[in-house]
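Fold and contact review
Here is how the chains run, residue by residue.
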Amino acid sequence: MEDVPSPCNGICRIDPRTALCLGCARTIEEIMAWPTLSRPAKQAMLAALATRQG
């Protein structure tokens, strides 16, 4: 089974106002957790990021 691709797009800067990455809209905690998340958890995070990014 293929893994879920990371939402990272190489624009890795944390916005001090929102504490979200300017590239992928994840928090530091979400970025650090990504490698160990299950496939369903990664898919859920991607869905949440879609609404977070507008």
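Structure's up top.
Let me sum up the structure you'll find in this document. (Residues numbered from 1 in each chain as written. Predicted model: local features only at pLDDT ≥ 70, side-chain atom pairs only at ≥ 80, totals over all residues. Heavy atoms only, no water.)

1. Considering the environment of Glu30
- Note on placement: Glu30 falls in helix 1 (residues 28-33).
- When the C-alpha atoms of Glu30 and Met45 are compared, they prove to be 8.5 Å apart, with 15 residues separating the residues in sequence.
- Apart from the residues within four sequence positions on either side, Glu30 is in contact with Ala25, Met45 and Arg52. (Helix = DSSP H or I, 4+ residues; strand = E, 2+ residues; numbered from the N terminus. Contact = heavy atoms within 4.5 Å.)

2. Observations regarding the pattern of salt bridges
- Using the criterion set out here, one finds two salt bridges in the structure.
- Here Asp3 ties to Lys42 by a salt bridge, and the two come within 2.9 Å at their closest N and O atoms. Here Asp3 is found in the segment before helix 1, whereas its partner Lys42 is found in helix 2 (residues 39-52), with 39 residues between them in sequence.
- For Lys42, a relative accessible area of 3% puts it in the buried group. (Salt bridge = Lys/Arg side-chain N within 4 Å of Asp/Glu carboxyl O. Buried < 20%, exposed > 50% of the residue type's maximum accessible area, 1.4 Å probe, protein only.)

3. So, the nonpolar core
- One finds Val4, Ala25, Trp34, Met45 and Leu49 forming the largest nonpolar core, which totals five residues.
- Once residues lying within four places of it in the same chain are set aside, the contact partners of Ala25 are Leu20, Glu30, Leu49, Arg52 and Gln53. (Core = buried A, V, L, I, M, F, W, Y, C linked by side-chain atoms within 4.5 Å.)

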